[in-house]
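Coordinates in review
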Protein chains: 2
Amino acid sequence: MTGITVRSTMSRKGSPATIIDVAKAAGVSKSAAARVLSNNGSASARTRMAVLDAAARLGYRPNQLAKAMKAGSTQSIGIVVPDVANPFFSSVLSGFSAAARSAGFEVIVMSTDNTADIEARSLELLAEKRVDGIAVAPALTDASPTIEQLRSEGLPLVLIDRRLPNLGAIPLVSMDHAAATELATQALITSGHSDIAIVTEARATASEITELLDLDDHATSLLRPSMQRLVGHARALRAHDIAFDESLVVTAPYDREQAAVVVADFLRTDHHATAIHGTNAILSYASYRAFKQLGVVIPDDLSFVGFDDQDWMLLVHPAVTVVGQAARELGEAAAQTLIQRIAQDTDVHDVFLSARLIERGSIREVNPA
Amino acid sequence: MTGITVRSTMSRKGSPATIIDVAKAAGVSKSAAARVLSNNGSASARTRMAVLDAAARLGYRPNQLAKAMKAGSTQSIGIVVPDVANPFFSSVLSGFSAAARSAGFEVIVMSTDNTADIEARSLELLAEKRVDGIAVAPALTDASPTIEQLRSEGLPLVLIDRRLPNLGAIPLVSMDHAAATELATQALITSGHSDIAIVTEARATASEITELLDLDDHATSLLRPSMQRLVGHARALRAHDIAFDESLVVTAPYDREQAAVVVADFLRTDHHATAIHGTNAILSYASYRAFKQLGVVIPDDLSFVGFDDQDWMLLVHPAVTVVGQAARELGEAAAQTLIQRIAQDTDVHDVFLSARLIERGSIREVNPA
DNA sequence: ATGAAAGCGCTAACAT
DNA sequence: ATGTTAGCGCTTTCAT
């Protein structure tokens with residue numbers, strides 16, 4: 001007998017050791033190896049040792065592709081968001097990943113640049129990868145045939161942040177948009193304000209809003225988030241018999257620079273607002289840019305309530321009173337809901353997280369005239 | 001003959017149509033179907049039609065798992081970051097995803113909470129999923145056996161933001177940390193400052209820094225980013241014959257709240273600094289919190305240079321002069337480098353992006369005494 | 001142009 | 001306890 005030949009620890013470059021390599025090295029059959037490696041089925045101590053040892057020596061790494069193929073499940077879920085760099089979505093993502101991981105799922109993230117095309121393609125890709133389910137925060141389109149298609153194929157789905165029309169029975173995980181702005185406007189009213197401007201992406205006349213106010217909860221939840229938020233504002237107004245003044249609705253695009261211009265234009269106007277509410281992170285930031293540019297002093301000249309607690313809100317003077325949504329928790333809830341939906345087919349229902357008002361110093365108390 | 005029976009458009013729930021289903025429905029063989037579906041090989045117009053039609057009717061969706069198994073390539077790459085919710089990394093991510101997508105790769109994102117354990121597990125998972133390559137922004141540990149292991153297995157790898165000791169020949173995509181802070185300190189010196197405090201995660205005595213200054217570029221790049229940045233500061237000082245004063249080094253943890261406390265403590269001290277530089281996003285933010293809390297007026301009481309251009313820097317008064325790193329571009333470069341590395345084995349080299357100084361209003365010109 | 005068959009790595013009956 | 005075998009969905013020779 002010649003001396004022992006030590007096989008290289010390394011598998012040949014580019015192709016990791018397979019279970020067959022391990023079996024051979026251990027001198028047992030493929031299935032014996034499989035049994036000990038997946039810890040399922042019986043094996044003698046001797047076999048077990050030999051296999052484990054060979055696996056370690058060879059740096060065996062199970063091929064999840066093959067496993068998934070057999071099992072019909074990849075233990076991975078997808079999440080599709082408009083923009084990973086948006087602080088709201090990156091927080092959602094962070095919660096989503098953490099929750100998924102602790103449930104034994106991996107996450108494949110797709111960012112769509114808020115583009116319907118990329119969104120559709122991303123969803124298809126995820127489906128082709130045979131993820132076990134997908135959470136999607138839809139781009140700002142009115143409907144997504146792809147989502148509907150996937151749903152009808154029976155792929156577990158969860159919607160984040162907004163429901164889409166015509167999308168039957170896909171659970172939604174979202175904050176209650178209307179309730180959130182209602183909170184903000186309510187706070188302003190409580191402090192004595194009644195001429196409250198609102199910076200929003202939505203556009204609506206007083207009569208349109210009035211109609212919307214009569215919608216039931218479900219119908220409301222079908223509106224775009226921005227519109228839902230505007231409805232919440234109108235609700236608070238109505239609760240205090242304050243007329244909805246459409247000249248106080250500042251409709252601005254979802255873009256820092258452009259929105260800042262729009263808000264500045266409004267402020268230069270002969271408006272009568274004593275308070276103003278920015279209804280999302282971008283718009284709140286843009287509003288503040290406009291205040292700074294025009295030398296508007298908060299809260300002396302104008303009271304302000306922001307949306308989505310952001311870093312800068314603590315840095316400016318005074319710190320900004322804001323409606324905060326728990327983005328991370330929302331992500332966690334989305335993952336949990338999706339995984340639940342994957343586990344059993346039992347109907348899983350919508351999850352609404354409520355926003356809370358974080359009071360700081362940007363509202364001035366006024367005595368009602 | 002009976003009438004035509006229209007098969008349900010839908011495949012049975014949970015199991016999408018396979019290529020065999022399509023072949024059957026089209027009345028051809030599996031391989032014929034495969035040929036037209038992958039557009040590779042010859043087929044008569046008649047066959048082509050029949051197959052395409054059947055595929056559409058059945059909602060056929062290729063199983064990428066099976067494809068990858070055959071091909072030995074998944075066309076997907078992984079990226080591992082300490083925290084997706086950190087603005088720097090989410091921007092990196094955004095660039096990375098975009099670049100990967102346009103090169104035909106999908107991205108699997110893993111967020112590790114800056115934990116060595118999770119990082120190791122994430123890397124293994126990615127490898128088991130047989131991604132074609134991985135980009136990793138390492139957690140703050142000193143070494144990663146897992147990364148080294150994967151490298152030795154021949155898996156294409158790219159490091160983001162920092163190199164790890166003992167990690168042979170893995171290309172690095174990063175900003176030049178030392179050059180970045182050098183820029184900041186240089187700007188302060190040019191404006192007449194010489195007593196410049198620096199807020200950093202690193203800790204070093206004057207003599208330690210002196211030693212570090214003699215390191216060559218490669219050795220320097222092996223240091224932690226925070227230490228590299230401190231070295232850059234020291235370099236600028238030395239270039240102007242200003243002594244490195246270790247009492248001006250404010251060592252703070254990577255945590256908004258705690259760092260703010262540390263900076264405030266320093267400011268209350270009887271220091272002689274006329275300027276201060278925060279060396280990363282968190283620390284810059286924390287510094288500003290401390291300024292606000294203590295009523296320090298920028299730049300009258302103290303000149304300030306921040307790091308990583310952030311939203312709030314434009315909102316405070318005066319706007320903050322900052323060293324900006326192009327996070328998105330960095331992500332793009334990382335993806336490109338990785339993909340290049342996957343394509344050919346040709347040596348791919350390090351990529352350094354340079355930071356630039358964005359001059360705004362937080363530096364006061366002083367006349368050197 | 002088309003079909004039969006092998007094989008990617010793994011698991012799970014089913015023998016023995 | 002262990003080995004043999006079939007099969008997950010796909011591509012790709014290899015015949016025909």
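Predicted model, so just to flag it, every value in this text is computed and none were measured. (Residues numbered from 1 in each chain as written. Chains lettered and ligands numbered in written order. Predicted model: local features only at pLDDT ≥ 70, side-chain atom pairs only at ≥ 80, totals over all residues. Heavy atoms only, no water.)

1. Topic: the interface of chain A and chain B
The test is simple: Whether two residues are in contact is decided by their heavy atoms: any pair within 4.5 Å suffices. The term buried area refers to how much accessible surface (probe radius 1.4 Å) is lost by two components on association, counted for both of them together. By convention in these notes, a salt bridge is any Lys or Arg side-chain nitrogen within 4 Å of a carboxyl oxygen on Asp or Glu. Within 3.5 Å is the distance limit for a polar contact, defined as a pair of N or O atoms, with the added protein rule that one can donate a hydrogen and the other accept it, and that residues adjacent in sequence qualify only through two side-chain atoms. Helix and strand definitions follow DSSP, with helices as H or I runs of at least four residues and strands as E runs of at least two, each counted in order from the N terminus.
Chain A puts 53 residues into the contact, and the matching count from chain B is 53 residues. Carbon and sulfur atoms supply 55% of the area that chain A and chain B bury against each other, a total of about 5,200 Å² over both sides. Considering only the side of chain A, the residues that lose the most area to chain B are R61(A), L65(A) and L315(A), jointly responsible for 16% of the buried surface there. Put simply, chain A and chain B have ten salt bridges between them. Here E106(B) makes a salt bridge to K129(A), at a shortest N to O gap of 3.5 Å. For the interface between chain A and chain B, the tally reads 22 residue pairs in polar contact (both at pLDDT 80 or more). Per-element accounting of the side of chain A that touches chain B gives the leading share, six residues, to strand 2 (residues 106-111) of chain A.

2. Focus: the domain arrangement of chain A
This is how the line gets drawn: All the domain ranges listed were derived from an automatic or database domain assignment.
In terms of domain boundaries, chain A breaks down into domain 1 (19-70), domain 2 (75-174 + 328-353) and domain 3 (177-326). The C-alpha centroid of domain 3 of chain A is placed 62 Å from the C-alpha centroid of domain 1 of chain A.

3. Regarding the UniProt feature "domain: HTH lacI-type" (unreviewed entry) in chain A
Which entries qualify depends on this criterion: UniProt positions are given in the numbering used here, feature names are shortened, and annotations may be inferred rather than shown by experiment.
Those places that UniProt annotates as "domain: HTH lacI-type" (unreviewed entry) correspond, in this numbering, to residues 17-71 of chain A. Helix and strand shares over residues 17-71 of chain A are 69% and 0% respectively, and the end C-alpha atoms of the span are 21 Å apart.

4. A look at the protein's contact with DNA strand C
Quick note on the threshold: A cutoff of 4 Å decides nearness: a residue is near a molecule or strand if any of its heavy atoms lies inside that distance of it. Only Asp, Glu, Lys and Arg are considered charged in this grouping, and only Ala, Val, Leu, Ile, Met, Phe, Trp, Tyr, Cys and Pro are considered nonpolar; every other residue, Gly among them, is considered polar.
Around DNA strand C, a shell composed of 24 residues is seen, among which I19(A), Y60(A), S42(B), S44(B) and T47(B) lie nearest. When atoms of DNA strand C within 4 Å of the protein are sorted by moiety, sugar and phosphate together comprise 54%. The separation between a phosphate oxygen of DNA strand C and a polar side-chain atom of T47(B) is 2.7 Å. A distance of 3.2 Å is found between a base nitrogen of DNA strand C and a side-chain nitrogen or oxygen belonging to K70(B). Tallying contributions element by element places helix 2 (residues 30-37) of chain B first for the surface near DNA strand C, with four residues. Its residues placed into classes, the surface near DNA strand C shows nine nonpolar, nine polar and six charged.

5. Section: the nonpolar core
Note the following rule: For our purposes a nonpolar core is just a set of buried Ala, Val, Leu, Ile, Met, Phe, Trp, Tyr and Cys residues, chained together by side-chain atoms within 4.5 Å. The classification of residues rests on relative accessible area computed with a 1.4 Å probe and restricted to protein chains. Under 20% of the type maximum is buried, over 50% is exposed, and intermediate values are partly exposed.
Formed by 62 residues in total, the largest nonpolar core has its most connected members in Y288(A), F291(A), W312(A), Y288(B), F291(B) and W312(B). Secondary-structure elements contributing two or more residues to this core are strand 6 (196-200), helix 12 (256-268) and helix 13 (281-294) of chain A together with strand 6 (196-200), helix 12 (256-268) and helix 13 (281-294) of chain B. Among residues more than four places away in sequence, those in contact with F291(B) are L267(B), I276(B), V296(B), I298(B), L302(B) and F304(B).

6. Considerations on the pattern of salt bridges
All names here are of chain B. Using the criterion set out here, one finds 28 salt bridges over all chains in the structure. Close ionic contact of E148 with R151 constitutes a salt bridge, the shortest N to O distance being 3.1 Å. Pair noted here: E148 and R151 are both in helix 7 (residues 145-152), with a separation of three residues, about one helical turn. Relative accessible area serves as the criterion here: at 26%, E148 is assigned to the partly exposed category. By relative accessible area, which is 30% here, R151 ends up partly exposed. Of the charged contacts in the structure, one is a salt bridge between R289 and E257, with a shortest N-O distance of 3.5 Å.

7. A closer look at helix 5 (residues 87-102) of chain B
Where we set the bar: In this scheme, a helix's expected span is set at 1.5 Å multiplied by one less than its residue total.
Along its 16 residues, helix 5 of chain B runs 23 Å from first to last C-alpha, staying within 8% of the 22 Å computed at 1.5 Å per residue. Of all 16 residues in helix 5 of chain B, twelve are buried; the element is thus mostly enclosed. Inspection of helix 5 of chain B places F88(B), F89(B), S90(B), V92(B), L93(B), S94(B), G95(B), F96(B), S97(B), A98(B), A99(B) and A100(B) among the buried residues, and these make up the whole buried set. Of the surrounding elements, those touching the buried residues of helix 5 of chain B are helix 5 (87-102) of chain A together with strand 1 (76-81), strand 2 (106-111), strand 3 (133-136), strand 4 (157-160) and helix 14 (327-343) of chain B. Regarding helix 5 of chain B, its N-cap is N86(B), as a side-chain oxygen of that residue lies 2.7 Å from the backbone nitrogen of F88(B) further along. At the exit of helix 5 of chain B stands G104(B), carrying a positive phi of roughly 85 degrees.

8. Brief notes about the protein's contact with DNA strand D
Taken together, the neighbourhood of DNA strand D is formed by 24 residues, with S31(A), S44(A), K70(A), I19(B) and Y60(B) sitting nearest. A breakdown of the atoms of DNA strand D within 4 Å of the protein gives sugar and phosphate a share of 53%. At 3.0 Å from a base oxygen of DNA strand D is found a side-chain nitrogen or oxygen belonging to S31(A). N63(B) places a polar main-chain atom, nitrogen or oxygen, 3.2 Å from a phosphate oxygen of DNA strand D. Residue assignment for the surface near DNA strand D shows that the elements contributing at least two residues are helix 2 (30-37) and helix 4 (64-71) of chain A together with helix 2 and helix 4 (64-71) of chain B. Per-element tally for the surface near DNA strand D: the top contributor is helix 2 of chain A, with four residues. When the residues that make up the surface near DNA strand D are grouped by side-chain class, the tally is nine nonpolar, nine polar and six charged.

9. Details of the packing of helix 6 (residues 116-128) of chain A against helix 7 (residues 145-152) of chain A
Residues and elements named next belong to chain A. To keep things clear, this is the line we draw: Note on geometry: axes are lines fitted to C-alpha atoms, helical ones only across the stretch in contact, with angles between N-to-C directions running from 0 to 180 degrees. If an angle is under 35 degrees, it is roughly parallel; if it is over 145, roughly antiparallel; if it lies from 65 to 115, roughly perpendicular; otherwise it is oblique.
Relative orientation of the contacting elements helix 6 and helix 7 amounts to 20 degrees, with a least axis distance of 9 Å. Classified by the interaxial angle, the pair formed by helix 6 and helix 7 is roughly parallel. Contacts from E119, A120, L123, E124 and A127 of helix 6 reach helix 7 at T146, I147 and L150.

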